[in-house]
Amino acid sequence: MEIFDYDNILLLPRRCRVDSRAECDPSVEFGPRRFKLPAVPANMKTVIDEPIAEWLAAHGYFYVMHRFDLDNVAFARRMRELGHYVSISSGVKLTDRDAIDRLAGEGLGADYITIDIAHGHADSVRHMIEHIKTKLPQTFVIAGNVGTPEGVIDLENWGADATKVGIGPGKVCITRLKTGFGTGGWQLSALKWCARVATKPIVADGGIRHHGDIAKSVRFGAAMVMIGSLFAGHEESPGQTVEVDGKLYKEYFGSASDFNKGEYKHVEGKRILEPIKGSLADTLREMQEDLQSSISYAGGRQLGDLRKVNYVILGGENAGEHLFM
């Protein structure tokens, strides 16, 4: 297989079939709902909080609420009272099972549950999928994270409705340095590898540095793209605001960092400062416009048309010499 990442790939344009890029539709059907974009803020404590989740739900975007220091049942109740759909994260511990039982017992349920652990190809995830499907059979379950076709196949066979692909490619993740494992540095290639065996949607998680990387992710099989750093550092983002040399930054740390854990134990994440970018709404608008442009370059009108384009791999011995279908 070819080994590459986002910076090594360029998509090749096809004849444009629209008079205006605004005619292109970047929306995506994911589970029981359709969303404006195939992009979702990472379910991290410095990326999303309750006000952001409420805003995203109200404006037609997909969200996944993080699971840290949060009462999922109380959150679900508040979202139901506001008339919004419920999308939460879950671990695999007894307390997580108890939360699922309470969601079922109180009739709140959840539209989406993301089982969110660093190494998702695990028996503990299998048991959690089974528990959710028993208690909340109508819930759309996203499970991860995995980085191999075997992981995708197993999670699908265990009952997951979608799988999340990406082991340590994020900007604040140091998994590959700490453990020697991961998809960091070849995340896009791993996505292609996993998508080949998938029969259900894939969420590409991590490694996104530019808006064009969303189009590349869709090209190689992603139904949804989870993004951390590009969604961190907004005016409304959670996390401490820090001033350095007269410039304002927001802290951004990994879920497996000691800043999130509260202790230095099994640490696979770090903390950085992201320059404040302005408002989240402005970033989402620009992201939508850029994706519309991507679809127009693909010669299409809809998001799925991105999957029809060829590409080149930059660098290496065969740079520019081959086209790939």
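Draft legend 1. Inspection of the side chain of aspartate 305 at higher detail. Assignment of secondary structure puts aspartate 305 in the loop between α10 (280–297) and β14 (311–313). At 2.8 Å, the side chain of aspartate 305 and the backbone nitrogen of arginine 301 are in polar contact. Looking at aspartate 305, its side chain comes within polar contact range of the side chain of lysine 308, at 3.0 Å. If near-sequence neighbours (up to four positions away) are discounted, aspartate 305 is found in contact with Ala298 and Gly300.

Draft legend 2. Here's a closer look at the sheet that holds strand β4 (residues 39–41). Taken in spatial order, the 7 strands of this open sheet run β4-β10-β9-β8-β7-β6-β5, and their pairing is parallel. Each edge of the open sheet is held by one strand with a lone partner, namely β4 and β5 (87–90). The sheet shows a mean angle of 25 degrees between the axes of neighbouring strands, taken without regard to direction. Across 4 bridges, strand β7 (residues 140–146) lies against strand β8 (residues 162–165) in parallel orientation. The residue of β8 that forms the bridge with glycine 144 is lysine 164.

Draft legend 3. Summary view of the nonpolar core. Judged by nonpolar contacts, the single largest core of 90 residues is most densely connected at Phe30, Phe62, Tyr63, Ile129 and Ile227. If we skip the residues at most four places from it in the chain, isoleucine 129 touches Ile115, Val141, Ala143, Leu155, Trp158, Gly159 and Ala160.

Draft legend 4. Structural detail: a negative patch on the surface. Together, Glu235, Glu236, Asp282, Glu286 and Asp290 line one region of the surface with negative charge. Note on placement: glutamate 235 falls in the loop between β10 (224–227) and β11 (241–244).

Draft legend 5. Main features of the packing of aromatic side chains. For the coordinates displayed, the defined rule picks out 16 aromatic pairs. Note on phenylalanine 4 and phenylalanine 220: the rings are 5.4 Å apart at their centroids and 45 degrees apart in plane angle, and the pair reads as tilted. Taken together, the residues span a long stretch of sequence, with phenylalanine 4 in the segment before β1 (9–11) and phenylalanine 220 in the loop between α8 (212–219) and β10 at a distance of 216 residues. Summarising the burial analysis for this pair, phenylalanine 4 and phenylalanine 220 share the class buried. For the pair tryptophan 55 and tyrosine 61, a centre-to-centre distance of 5.9 Å together with 10 degrees between the ring planes defines the contact as stacked. The class of tryptophan 55 is partly exposed, set by a relative accessible area of 30%. Above the plane of the ring of phenylalanine 220 lies arginine 219, whose end atom (NZ or CZ) is 5.0 Å from the centre.

Draft legend 6. Local environment of helix α4 (residues 123–135). If you check α4, its first and last C-alpha atoms are 19 Å apart, about what 13 residues at 1.5 Å a residue would give, namely 18 Å. Listed as buried for α4 are Val125, Met128, Ile129, His131 and Ile132. All buried residues of α4 project into a common sector of 165 degrees when viewed along the axis, lining one side. In α4, those exposed residues whose orientation departs by more than 90 degrees from the buried face are Asp123 and Thr134. On its buried side, α4 packs onto β5, α3 (94–105), β6 (112–116), β7 and α5 (149–157).

The rules behind the values
Residues numbered from 1 in each chain as written. Predicted model: local features only at pLDDT ≥ 70, side-chain atom pairs only at ≥ 80, totals over all residues. Heavy atoms only, no water. Helix = DSSP H or I, 4+ residues; strand = E, 2+ residues; numbered from the N terminus. Polar contact = N/O pair within 3.5 Å; in protein donor to acceptor, adjacent residues only side chain to side chain. Contact = heavy atoms within 4.5 Å. Pairing = 2+ DSSP bridges. Axes fitted to C-alpha atoms, helices over the stretch in contact; angles between N-to-C directions. Core = buried A, V, L, I, M, F, W, Y, C linked by side-chain atoms within 4.5 Å. Buried < 20%, exposed > 50% of the residue type's maximum accessible area, 1.4 Å probe, protein only. Patch = residues over 30% accessible without salt bridge, like charges linked within 9 Å, V, L, I, M, F, W, Y side chains within 5 Å. Areas by Shrake-Rupley, 256 points an atom, 1.4 Å probe, with all protein chains shown as cover. Salt bridge = Lys/Arg side-chain N within 4 Å of Asp/Glu carboxyl O. Lys, Arg positive; Asp, Glu negative; His and termini not counted. Charge placed at Lys NZ, Arg CZ, Asp CG, Glu CD. Phe/Tyr/Trp six-rings, centres within 6.5 Å; stacked < 30°, edge-to-face > 60°. Lys NZ or Arg CZ within 6 Å of the ring centre and 35° of its normal. Expected span 1.5 Å × (residues − 1). Arc of directions from axis to C-beta.

Everything listed is a geometric property; what it means functionally is a separate question.
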